[in-house]
Each structure stands twice: as structure tokens, then as C-alpha cells.
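Report on the structure
This is what each chain is made of:
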Amino acid sequence: MKALRFHAAKDLRIEEVADLPKPGPGQVAVKNRFVGICGTDLHEYVAGPIFVPSEPHPFTGAQAPQVLGHEFSGEVTAVGEGVTNVKVGDRVSIQPLVMPRSGDYYADRGLFHLSEDLALVGLSWEWGGMAEAAIVNDYNAVKIPDSMSWEEAALVEPTAVAVYAAERGGVTAGDSVLVTGAGPIGMLAMLASKAYGATKIFLSDVNETRLALARDILPGVVTLNPMKDDVVARIRAETEGGVGVDKVIEASGNEAALNTGLQAVRKQGVIVQVGLHTKDSRLHWHDVTFKDVDVRGAWAYPTHYWPKVVDLIASGALPALKVVTKKIALDDAVTEGFDALLSPSGEHVKILIDLQK
């Protein structure tokens, strides 16, 4: 079968690989339908290996060359012994986290996403979504309703990241929220904040193309460009009492954005760091103390979020499909996908690969 595999930085190859074996006990074979290109995939392409193991992963044994793709949907084509949650013919969204199910401090507490042995389908598991088919564990395959499209099902993973960030921040009805970074997670965090009841949403980014797209995706969002606007002054002028926003979701992984969020949040507000910082970033800790704020990380998502996020998307409460700007074939994934997303123009936010195209 055909697959896109990571070999090294700037070395992605469309290759013919062996067809899937029969799924083992507790495993599911899936004919892949759509897969998204994630920011993590882009980091691997530019500067990897980062999450792709150079040596065999201690839990899964996977290592480069690695089939990429952890945001995907597909149809179940075979199930292994003991699988009861899905059957052949079911349409599924893949929850890609792989980890011990017991005997692990975090797994024993239901915090599977925090496992020390965590692996991901498409990064540190033999198969991934950027191929015609994949084998996953039964707990990785979640059935989707008939009302959900293949494309929407491929967006459950990044949407779950954004939903978890909103929940870590305690976003609730009537809140004011600043999202920093207008990439896929920032756009989805904007929509998640709206779905959770925020009534005043600000989005900051230095790319005017993406800010314009954000206004199309969510009419009423206040977009700010820190290269042109005094972000903190604008936010204070447009929030109750001039004190700043209730919550900040930092989705860019940028030091300046993080500190802008600290200045823009009100006293006893909450800052959620969901964007991955690629180097050490300084924070004005005097202001953290003086303003009595909470600074919280948001890593991935609890695995039990999948049905909830499926419902949020399928019901229309969180229209994740709005962030998709392009669909391409697997053969064009590098030039029309990875390279397009790395363009400084910011023309594209989320690109989906159609595995049947």
C-alpha cells in the first residue's frame, strides 16, 4: 500500500509499504479516509526527529522511518480477537494516544494522556493516518454518527486539543477570552470558547491573512495584530471595568504572546499554555504573583473526551470544518500540504489529505 513516511528532517517520502497484517487481539484494521497535517507533523518535517523515535520506542518499538498522521478517520475493515466496541463497516475517528492501560501510575488513575510511556499513532506507532490503511488498538477507534462527515471525523483530534485547553481554562458562559495564535489550534480554541459560552473573544496573530479568515469563521471575533495594534490597550478598552480578559489561551508557542497574555488577563484570571514552545521562554513572574493569576499547561486531551468532541462537532455546536482551507491527494502531500502550510503567506490553516483521491 502507499504511505507517506518520515525518514529525517526535510526527508518525507511517498513509498510503497507492505499491506497490513491481520489485526492481533484487541486490534482494529482501518481503511483510512481523511487525515490532517498537524503542526507537530510540520515540526518533524522541518527539524525532526522530535517525537518520532530514532531508537525503538520503549513501549511500542516504533522508530523511523515512520508513517505520519495522527488526525484521521476511516472505515473498520477487520477486527482482532476480543474487540467488541467496533465492527467491520463501522465509520470511526481515531483517538491516537497509545499507552499502557494498567500498571502505570497515570493509567491506573484514568489519566492515560499523561503516561510516561505515551506513544502516538502516526508518530511513535508502526502505522499512521498518512497511508491507505492502518492498524490501531480497539480503544483508538471511536465510532462516529452517520451525520458526521469523514472530514469532520479527521478533525476530532485537533478539536479535542482545543476543547481541553478551553476546559483547563474554565471557559464558561459570559467569559471574555484572548486566544493568541491563529493557527489550527488557535482557530479551534476560538470556536471552542464560543461553544463554551464566551461572549467576548479576541484573537491575536501577526498574519493578516489568517486574521481575515478568523473573522469569516467566527463573525464578531475581535482580531488584533501585535505588529500594528496595542493588544493590551485594546483589550482593556473593550472588557468590563477595563481590567482585561477572564481567560487567555496561548496557542502560538511564542514568548512575546505569552507575556502579552499575562498583561491582558485580569487579576485572578487564567492563562492556559497549549502551544508548544520550542525553546525556553521567559515569563514575568512578578506579574503572575502581583496579579494573582493561574498559569496552566494543557497537554493533549483526556482520551475519554472523544465522544464529547464528536458530539460537539456533529451537532454543529463547534463547526470545526470551517478551519479547513484545502484538500489534497496523498501524492501531493509534501508540496501541496507541508510546504504550503510552511509558507509565510498564512494562506492555509488546516489541510486535509484525501486517502481515496
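These numbers were taken from a predicted model, which means no experiment stands behind them.

1. Some remarks on the overall build of the protein chain
Of regular secondary structure, the protein chain possesses ten helices and 18 strands. Here the C-alpha atoms of the protein chain give a radius of gyration of 20 Å, agreeing with the 21 Å that 2.2 N^0.38 yields for 357 residues. When the backbone C-alpha atoms are referred to their principal axes, the protein chain occupies close to 60 × 45 × 40 Å. Here the protein chain, with 357 residues, has 56% of them falling under the buried criterion. In the protein chain, the proportion of contacts linking residues at least 24 apart, taken out of those at least 6 apart, comes to 70%. As presented, the protein chain carries roughly 14800 Å² of accessible surface, and 51% of it is formed by carbon and sulfur atoms. Both charge centroids of the protein chain, one from 33 positive and one from 45 negative side chains, sit 5 Å from each other.

2. Observations regarding the pattern of salt bridges
The final tally for this structure, using the stated rule, is 17 salt bridges. Residues Lys350 and Glu71 are paired through a salt bridge, measuring 2.8 Å at the closest nitrogen-oxygen approach. Residue Lys350 is found in strand β18 (residues 350–354), and its partner Glu71 is found in strand β5 (residues 71–79); the two are separated by 279 residues along the sequence. A single salt-bridge network, built from bridges that share partners, covers Lys87, Asp90 and Lys143.

3. A short note on the sheet that holds strand β2 (residues 11–16)
Read from one edge of the open sheet, three strands run β2-β1-β4, paired in antiparallel fashion. Looking at strand neighbours, the two that pair on one side only are β2 and β4 (66–67), the edges of this open sheet. One ladder, built from six bridges, connects strand β1 (residues 2–8) with β2; its direction is antiparallel. From the neighbouring strand, Ala8 faces β2, where its bridge partner is Asp11.

Parameters and conventions
Residues numbered from 1 in each chain as written. Predicted model: local features only at pLDDT ≥ 70, side-chain atom pairs only at ≥ 80, totals over all residues. Heavy atoms only, no water. Helix = DSSP H or I, 4+ residues; strand = E, 2+ residues; numbered from the N terminus. Rg over C-alpha atoms; globule rule 2.2 N^0.38 Å. Buried < 20%, exposed > 50% of the residue type's maximum accessible area, 1.4 Å probe, protein only. Contact = heavy atoms within 4.5 Å. Areas by Shrake-Rupley, 256 points an atom, 1.4 Å probe, with all protein chains shown as cover. Lys, Arg positive; Asp, Glu negative; His and termini not counted. Charge placed at Lys NZ, Arg CZ, Asp CG, Glu CD. Salt bridge = Lys/Arg side-chain N within 4 Å of Asp/Glu carboxyl O. Pairing = 2+ DSSP bridges.

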